[in-house]
There are 2 protein chains.
Amino acid sequence: MTDLILHEYARSGNCYKIRLTAAHLGIALQRREYDIMQGETRTPAFLASVSANGRIPVLQIGDFFLPESNAACVYLARESALVPDDALDFADMLRWMFWEQYNHETCVAVLRFWRGFVGEANLTDLQRAQLPGKVEAAAAALALMEDHLAARAFFVGERFTLADIGLYAYTHVAGEGGIDLSPYPAIVAWLARVAAQPGHVAITA
Amino acid sequence: MTDLILHEYARSGNCYKIRLTAAHLGIALQRREYDIMQGETRTPAFLASVSANGRIPVLQIGDFFLPESNAACVYLARESALVPDDALDFADMLRWMFWEQYNHETCVAVLRFWRGFVGEANLTDLQRAQLPGKVEAAAAALALMEDHLAARAFFVGERFTLADIGLYAYTHVAGEGGIDLSPYPAIVAWLARVAAQPGHVAITA
C-alpha cells in the first residue's frame, strides 16, 4: 500500500477527523507535526512542498498532497462501511460534511481556537467584535444538530458514517471554546455513542 | 424518474452550481424561488418543511430535502463524466469543492453579496470592519487558483468536473463584488473554457 503521511497539528479537530477515520479502518498513518501557533504551515517550504493554502491537515498519498480534511476522510473510507453505498445517503453524508465546514467549524471550532488556544485577552479588536456572532452561530448549529438527533442514533441512514466523525471532531471539545453542551441532551448521548464505537481513538491519542 | 425541485434564489452562485450541473447532464429541474433579501428562507414554513438551516439551495428529491449545493451536485452527477472514477481524482475534486466553500465562497461570494446585493452603505459596522480581511482573503484564494491553473486546463485530472462548476459559480461574477480579475489571466482563460463547454447555461438563464 502507498505510504500515507498526515501533515497535521494534532490538536486540530480537522486533523483528528482523519486520524479517527484511519483508526476505524485500521489504516496506519505516519504523522508530521506543524505548530500552527508558530506559523509553521506558512513557511515558504510548507507552501511550496505541502500545500499552497498554508493549512493543515494535508494527507500525503505517495507523492500526491491532498488538502481538506473531509476529502481525505472520503479517500480513506471509500468502499468501507463508513461511507454509504446508497446514492442518496452518500449525498446526505456529504451534506453534513459540507454543513460542518460552513456552519459549524466556522463558529464551534473558531471559538475553541480563539478562547482556548489564542486566549480572549490576545484577540484582535475585530476578532473580539465577532465573538457574539460566533456564539450565536454555534448555538444555532448545535440546536440544528440536537433537533436532528432527537429521533436518530446517527446523522445519516441510522448508521455510523463519516458525517458522525466529521461532526464529532469539534463538537466533543466544544467546551474548550466555552460552549456548555448540557442544554443538548441528544448531542451528549450521540457523542457517547460515537466514542463507544469499536476502533474509536481520542483526539489526544 | 423522481421529481426534482430546486428551492433557490436564482442569483445565488450556490444555486447556480446545481442548475449548471443539471444543464450539463440534461436533467430537468423544477424551480421554486425564495427572495433571501426578504427573509423568505427564514419563515417558519420554510424552516419546518424545506430546511431547518434556513438557507438555499435545497434540492428536493421526491420527499427528501437535500441542502448544501455541492452535495446536490454530487448527487445529480454521480456516474457521469463530471465526476471522476479514479479514487484519488474523486477525492481531489471534493478537495476543491470543500476549499471553495471554506476559502472562496466566504470571501468572493460574501463581497458580491455585501457590495453588489446589500450595498456598502447598508452594511453593519461589523460587516464593514470585515471588508479589508475579505478583500485580502479573496486575493489569496484567486492567487491560489491562478497558480494551479497556470499549467492546467481544469482543476482536476485535466478534465471538466464538478470542481470547475463549483469554482466557476462565484468566480465568474467576482466583479459584482468589486474584484478585478484582470491580474489573473489563467483564471480568465479557464472561465472562458468553462463557458465554452457544451451544455453551459448562464447564471441568468
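Since the structure is predicted, the reported quantities are computational estimates derived from the model, not experimental observations.

Undergrad: Help me understand the domain arrangement of chain A, please; the structure alone is not making it clear to me.
TA: The figure often quoted for interface size is the accessible area lost as the parts come together. Residue and element names in this part refer to chain A. When the domains of chain A are assigned, the result is domain 1 (4–77) and domain 2 (87–195). Its C-alpha centre places domain 1 at a distance of 21 Å from the equivalent point of domain 2. At the interface, 18 residues of domain 1 touch 19 residues of domain 2. Carbon and sulfur atoms supply 66% of the area buried between domain 1 and domain 2, which totals about 1400 Å² over both sides. Of all residues in domain 1, R11, K17 and N70 give up the largest surface area on contact with domain 2, accounting jointly for 32% of the area buried on that side. Seen at the junction of domain 1 and domain 2, the total is one salt bridge. Inspection of the domain 1/domain 2 interface yields six residue pairs in polar contact (both at pLDDT 80 or more). Counting residues per element, the ones that place at least two in the side of domain 1 that touches domain 2 are α1 (13–25) and α3 (69–77). Counting residues per element, the side of domain 1 that touches domain 2 draws most heavily on α1, which supplies seven residues.

Undergrad: I would appreciate a short explanation of the environment of A:Q130 in the present structure.
TA: Relative to the assigned elements, A:Q130 resides in helix α5 (residues 125–149). Residue classification places A:Q130 among the buried positions, given a relative accessible area of 16%. Spatially, the C-alpha atom of A:Q130 lies 30 Å from that of A:A72, the residues being 58 residues apart in sequence. In this structure, A:Q130 is in contact with A:W114, B:L126 and B:Q130, ignoring residues within four places of it in sequence.

Undergrad: Quick question: what am I supposed to make of helix α4 (residues 87–118) of chain A here?
TA: Working note: α-helix, 3.6 residues per turn, so residues spaced by three or four point in the same direction. Residue and element names in this part refer to chain A. At H104, α4 shows its strongest bend, of approximately 55°. With respect to burial, α4 is a largely interior element, 24 of its 32 residues being buried. Sitting at the amino-terminal end of α4 is D86, which places a side-chain oxygen 3.1 Å from the backbone nitrogen of L88. The positive-phi residue at the C-terminal boundary of α4 is G119, with phi of around 95°.

Undergrad: What should I look at first to understand the packing of aromatic side chains in this one?
TA: Each aromatic ring pair is described using two quantities: the centre-to-centre distance and the angle formed by the ring planes. Applying the stated criterion across every chain, the model contains 20 aromatic pairs over all chains. Ring geometry for B:F113 versus B:F117: centroids 5.7 Å apart, planes at 50°, classification tilted. A residue pair is termed a helical-turn pair when its members lie 3 or 4 positions apart in one helix, as B:F113 and B:F117 do in helix α4 (residues 87–118) at four residues. One aromatic cluster is present, formed by A:Y16, A:W96, A:W99, A:F155, A:Y168 and A:W190 through successive ring pairs. The cationic tip of A:R11 hangs over the ring face of A:F117; the distance from NZ or CZ to the ring centre is 3.6 Å. In this arrangement the basic side chain of B:R193 is found over the ring face of B:F154, its NZ or CZ atom lying 6.0 Å from the centre.

Undergrad: What is the right way to read the UniProt feature "domain: GST N-terminal" (unreviewed entry) in chain A from this model?
TA: Summarizing the sequence annotation, UniProt attributes the feature "domain: GST N-terminal" (unreviewed entry) to residues 2–84 of chain A in the numbering used throughout. Segment residues 2–84 of chain A splits into 34% helix and 20% strand. End C-alpha atoms: 24 Å apart.

Undergrad: Can you help me understand the interface of chain A and chain B in this one?
TA: Opposite the 32 residues of chain A that make contact, chain B presents 32 residues. Summing both partners gives a buried area of about 3000 Å² for chain A against chain B, and 75% of it is carried by carbon and sulfur. In terms of surface lost to chain B, no three residues of chain A exceed A:L88, A:F98 and A:Y102, which account for 24% of the buried area on that side. Our count for the chain A to chain B interface comes out at zero salt bridges.

Undergrad: What is the right way to look at the side chain of A:D164 in this model?
TA: Residue and element names in this part refer to chain A. Within the secondary structure, D164 sits in helix α6 (residues 162–171). Buried within the structure, D164 lacks any salt-bridge partner; its nearest side chain of opposite charge belongs to R193, at an N-O separation of 7.5 Å. One polar contact links the side chain of D164 to the main-chain amide nitrogen of T161, over a distance of 2.9 Å.

Undergrad: Is there a simple way to explain the relation of the copies chain A and chain B in this structure?
TA: For the pair of chain copies, the relating operation is a rotation around an axis with a shift along it. Of the transformation superimposing chain A on chain B, the axial component is 0.0 Å and the angular component is 180°, with the fit at an RMSD of 0.0 Å. Look at the turn and shift together and you get a two-fold axis relating the two. The residues that chain A uses at the interface reappear at the interface of chain B in 100% of cases, marking a shared surface.

Undergrad: Help me understand the packing of α3(A) against α4(B) in this model?
TA: Two packed helices can be described by the angle between their axes and the distance between those axes. One can describe the packing of α3(A) onto α4(B) by two numbers: an axis separation of 8 Å at closest approach and a directional angle of 160°. Classified by the interaxial angle, the pair formed by α3(A) and α4(B) is roughly antiparallel. In the crossing of α3(A) with α4(B), the sense of the turn from one axis to the other is right-handed. Listed contacts from α4(B) to A:N70, A:A71, A:V74 and A:Y75 of α3(A) are B:A87, B:L88, B:F90, B:A91, B:L94, B:R95 and B:F98. Residues of the contact of α3(A) with α4(B), tallied by class, amount to nine nonpolar, one polar and one charged.

Undergrad: In this structure, what is going on with the pairing of strand β3 (residues 58–61) of chain A? I would like to understand it.
TA: Remark: a regular strand shows side chains that alternate across the two faces of the sheet. Residue and element names in this part refer to chain A. Alternating residues of β3 divide into V58 and Q60 and L59 and I61, and every residue in both groups is buried. Where strand β1 (residues 4–8) meets β3, four bridges bridge the pair, whose relative direction is antiparallel. Following the sheet pairing, H7 is matched in β3 by V58. Inspection of the sheet shows β3 paired to strand β4 (residues 64–67) by four bridges, in the antiparallel sense. Residue Q60 lies in a different strand from β4, and its bridge partner there is F65. The antiparallel hairpin formed by β3 and β4 contains two residues in its connecting segment, where G62 sits at a positive phi of about 60°.

Rules used in this analysis
- Residues numbered from 1 in each chain as written.
- Chains lettered and ligands numbered in written order.
- Predicted model: local features only at pLDDT ≥ 70, side-chain atom pairs only at ≥ 80, totals over all residues.
- Heavy atoms only, no water.
- Domains from an automatic or database assignment.
- Contact = heavy atoms within 4.5 Å.
- Buried area = accessible area lost by both parts, 1.4 Å probe.
- Salt bridge = Lys/Arg side-chain N within 4 Å of Asp/Glu carboxyl O.
- Polar contact = N/O pair within 3.5 Å; in protein donor to acceptor, adjacent residues only side chain to side chain.
- Helix = DSSP H or I, 4+ residues; strand = E, 2+ residues; numbered from the N terminus.
- Buried < 20%, exposed > 50% of the residue type's maximum accessible area, 1.4 Å probe, protein only.
- Bend = angle between axes of the 7 residues up to and from the residue.
- Phe/Tyr/Trp six-rings, centres within 6.5 Å; stacked < 30°, edge-to-face > 60°.
- Lys NZ or Arg CZ within 6 Å of the ring centre and 35° of its normal.
- UniProt positions renumbered as here; feature names shortened; annotations may be inferred.
- Lys, Arg positive; Asp, Glu negative; His and termini not counted.
- Least-squares fit on C-alpha atoms with pLDDT ≥ 70 in both.
- Axes fitted to C-alpha atoms, helices over the stretch in contact; angles between N-to-C directions.
- Parallel < 35°, antiparallel > 145°, perpendicular 65-115°, else oblique.
- Left-handed = near helix turned anticlockwise from the far one by under 90°.
- Nonpolar A, V, L, I, M, F, W, Y, C, P; charged D, E, K, R; others polar.
- Pairing = 2+ DSSP bridges.

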